[in-house]
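Inside the fold
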Amino acid sequence: MIRTQRLAAGVCALLAALTAGLAFPSGAAADEISALAPKVDLVLDVSGSMRTKDIDGGTRMAAAKQAFNEVLDATPEEVQLGIRTLGANYPGDDQKTGCKDTAQLYPVGPLDRTEAKAAVATLSPTGWTPIGPALLKAADDLDGGSGSKRIVLISDGEDTCAPLDPCEVAREIAAKGIGLTIDTLGLVPNTKMRQQLSCIAEATGGTYTSVEHTDELTDKVNQLVDRAADPVVTPVATEGADSCAKAPTLKSGLYTDREEFGQERWYRVDVEPGQELRASVSVSSDRAMNPHYGVLLRAVTVHGREIVRGEASGIGRTDVVSTGLRYPKAESDDDEAAAEAVCLQVTHSYSAAAGVKTTPGMPVELTVDVVDSPSPASDVASFGLGRGWWLLALLVLVGFLAGVVWGWVSRWRVAVWRTN
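This paragraph deals with the packing of aromatic side chains. Scanning all chains against the criterion turns up one aromatic pair. Where Tyr 293 meets Tyr 350, the ring centres are 5.3 Å apart and the plane angle is 15°; that geometry is what we call stacked. Of the two residues, Tyr 293 sits in strand 13 (residues 292-301) while Tyr 350 sits in the loop between strand 16 (340-348) and strand 17 (362-372), which places them 57 residues apart along the sequence. Classification of Tyr 350 as buried rests on a relative accessible area of 4%.

Counting residues in each nonpolar core, the largest one holds 32 residues, and the members touching the most others are Leu 42, Leu 44, Ile 154, Leu 185, Leu 217 and Val 225. Looking at this core, the elements that each hand over two or more residues are strand 1 (39-45), helix 2 (60-74), strand 4 (80-86), helix 4 (113-121), strand 6 (149-155), strand 7 (180-187) and helix 8 (214-229). If you tally residues by element for this core, the top one is helix 2, at seven residues. Not counting residues up to four positions away in its chain, the partners in contact with Leu 185 are Val 152, Leu 153, Ile 154, Ser 155, Leu 197, Tyr 208, Thr 209, Val 211, Leu 217, Lys 220, Val 221 and Leu 224. Counting residues in each nonpolar core, the second largest holds 25 residues, with Val 269, Met 289, Leu 344 and Val 364 among its members.

The next thing to look at is helix 8. With 16 residues, helix 8 extends 23 Å from end C-alpha to end C-alpha; this agrees with the ideal 22 Å at 1.5 Å per step. Buried residues of helix 8: Thr 214, Leu 217, Thr 218, Lys 220, Val 221, Asn 222, Leu 224, Val 225 and Ala 228, and no others.

A contiguous patch of negative charge on the surface is contributed by Asp 56, Glu 70, Glu 212, Asp 215, Glu 216 and Asp 219. Among the elements that line the negative patch, the one with the most residues is helix 8, at three residues. Examined against the element boundaries, Asp 215 turns out to sit in helix 8.

A few words now on the sheet that holds strand 16. Read across the open sheet, the four strands follow the order 11-16-13-14; overall the sheet is antiparallel. A strand with exactly one partner marks an edge of an open sheet, and here the two such strands are strand 11 (264-271) and strand 14 (306-315). Between one strand and the next, the sheet's axes are offset by a mean angle of 15°, whatever the strand orientation.

Turning our eyes to something else, we now look at the packing of helix 2 against helix 4. Helix-helix packing is characterised by the crossing angle of the two axes and by the distance between the axes. As a packed pair, helix 2 and helix 4 sit with axes 10 Å apart at the nearest point and diverge in direction by 170°. Classified by the angle between their axes, helix 2 and helix 4 sit roughly antiparallel to one another. In this structure, helix 2 contributes Lys 65, Phe 68, Asn 69, Leu 72, Asp 73 and Ala 74 to the contact, and helix 4 contributes Arg 113, Ala 116, Lys 117, Val 120 and Ala 121. Its residues assigned to classes, the contact of helix 2 with helix 4 shows six nonpolar, one polar and four charged.

Turning to helix 2, a few remarks are in order. The end-to-end C-alpha distance of helix 2 is 21 Å, a good match for the 21 Å that 15 residues give at a rise of 1.5 Å each. Of the residues making up helix 2, those classed as buried are Arg 60, Met 61, Ala 63, Ala 64, Ala 67, Phe 68, Val 71 and Leu 72. Each buried residue of helix 2 lies within a common arc of 160° when the element is viewed along its axis, so the set occupies one face.

For strand 7, the buried fraction is high: eight of the eight residues fall into the buried class. Of the two faces of strand 7, both are covered, the one formed by Leu 180, Ile 182, Thr 184 and Gly 186 as well as the one formed by Thr 181, Asp 183, Leu 185 and Leu 187. Bridge count for strand 6 against strand 7 is seven bridges, and the pairing is parallel. Directly across from Leu 153, in strand 7, lies its bridge partner Thr 184. Regarding topology, helix 6 (residues 166-175) serves as the crossover connection from strand 6 to the parallel strand 7, and that connection is right-handed. Looking at chain direction, strand 7 and strand 8 (residues 208-211) are connected through four bridges and run parallel. Across the sheet, the residue bridging to Leu 187 is Val 211, located in strand 8. Tracing the backbone out of strand 7, into helix 7 (residues 191-203) and back to the parallel element strand 8 gives a crossover that is right-handed.

Our next topic: the state of the cysteines. Following the criterion strictly, the structure yields three disulfides and no others. The disulfide bridge from Cys 167 ends at Cys 199, spanning 1.6 Å between sulfur atoms. On the S-S bond that ties Cys 167 to Cys 199, the torsion sits near -55°, and the link is left-handed. In this pair, Cys 167 is assigned in helix 6 and Cys 199 in helix 7, connecting sequence segments 32 residues apart. For the pair shown, Cys 167 and Cys 199 are each scored as buried. Between the sulfur atoms of Cys 244 and its disulfide mate Cys 343 the distance is 1.7 Å. Separated by 99 residues along the polypeptide, Cys 244 in the loop between strand 9 (236-237) and strand 10 (253-259) and Cys 343 in strand 16 bring together distant segments of the chain. Given a relative accessible area of 0%, Cys 343 falls into the buried group. Once the disulfide-bonded cysteines of the protein are ranked by sequence position, their pairing pattern turns out to be 1-2, 3-4, 5-6.

Bringing the pairing of strand 4 into the picture now. Among the seven residues that make up strand 4, seven are buried, leaving the element largely enclosed by the rest of the structure. Pairing geometry for strand 1 and strand 4, over seven bridges, is parallel. Paired with Leu 44 across the strands is Thr 85, a residue of strand 4. As paired elements, strand 4 and strand 5 (residues 102-109) share five bridges and run antiparallel to each other. Following the sheet pairing, Arg 84 is matched in strand 5 by Gln 104.

Analysis parameters
- Residues numbered from 1 in each chain as written.
- Predicted model: local features only at pLDDT ≥ 70, side-chain atom pairs only at ≥ 80, totals over all residues.
- Heavy atoms only, no water.
- Phe/Tyr/Trp six-rings, centres within 6.5 Å; stacked < 30°, edge-to-face > 60°.
- Helix = DSSP H or I, 4+ residues; strand = E, 2+ residues; numbered from the N terminus.
- Buried < 20%, exposed > 50% of the residue type's maximum accessible area, 1.4 Å probe, protein only.
- Core = buried A, V, L, I, M, F, W, Y, C linked by side-chain atoms within 4.5 Å.
- Contact = heavy atoms within 4.5 Å.
- Expected span 1.5 Å × (residues − 1).
- Patch = residues over 30% accessible without salt bridge, like charges linked within 9 Å, V, L, I, M, F, W, Y side chains within 5 Å.
- Areas by Shrake-Rupley, 256 points an atom, 1.4 Å probe, with all protein chains shown as cover.
- Salt bridge = Lys/Arg side-chain N within 4 Å of Asp/Glu carboxyl O.
- Lys, Arg positive; Asp, Glu negative; His and termini not counted.
- Charge placed at Lys NZ, Arg CZ, Asp CG, Glu CD.
- Pairing = 2+ DSSP bridges.
- Axes fitted to C-alpha atoms, helices over the stretch in contact; angles between N-to-C directions.
- Parallel < 35°, antiparallel > 145°, perpendicular 65-115°, else oblique.
- Nonpolar A, V, L, I, M, F, W, Y, C, P; charged D, E, K, R; others polar.
- Arc of directions from axis to C-beta.
- Right-handed = clockwise from strand over helix to strand, strands pointing away.
- Disulfide = S-S within 2.5 Å.

In structure tokens form, the structure reads like this:
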């Protein structure tokens, strides 16, 4: 009897051990997925100025709440999202206390939409604008994990907690090398606020956007949250030259640079026979610009002959203008034929509005891709007709049949006429 009980206990222990062993890998896998999950911390200004009624007939706070509710509904399941506030709790006049007023309204993690909306509903415009301290705390909120990390700062005014400069705080965060991007949105901005929020975004490779309507705020925050879920590609900083001869040679990849007004930047790419160069460039308007603008990307030989160009232009307000080009280099019968050095020239016709600083230069993002050219047999069908050859064949067949029928009918009519 005792031996039977011991045997039963041993079997139970063995089953428990096997169950635990199977469970641990599953838990480890869940932890690994969580570590790779993209994280976003929405940092909202809840200072007293958010009571101002100048967005679609309502207050700035009402616009922010509506936008947040729509963003929470649209947030992808894989994104871990949190909400931090600044200026939401201290209504007094003591600056030292007011500049500590930042709190985590909803922790960064798997999103409970109902709970997050309930937290947002409690917000009421209250105090100061401690942007610098809030950014430092938000960086801590996103600590850990290897997925993409993004702070989205929404504010209607510049920082009121000097000497802690939020732009310096952003540079400090960027210097840590943790791959954190800060995007900023200015609600009905003035010049000083625009400059400060632009500086914060530029320091970490983020974007700045002016917002004056609720739907603009909703669309932009949704776009930034969705972008966090995209695969992370870190651009390589490069510095273009003022001529083709001095240009740096680039491989396939994503590059960033700065280009001042009236300046041109040159880069070189080696293209082997049988390869195709695909290049695109985007120039961001990170400050107030005049409404007419354009971007030009040219592929040029080392002797100055233009091969192909891409250009884009527009009128009005936009954040980014992009264009691209393709250059296929023909196959060579010489197996040892050298690569061709192709020079890429980037220019833009942005001009700064009155009183706007012209330095640093405009953010430029250049994508270079050198791939094997499509085979002529698959890219262009017989006789240069592409895939339209079958239509020509059909027309020939229909014409032939119509000719045969018409000939037969004509002969029949002639035979009838002769008989009569």
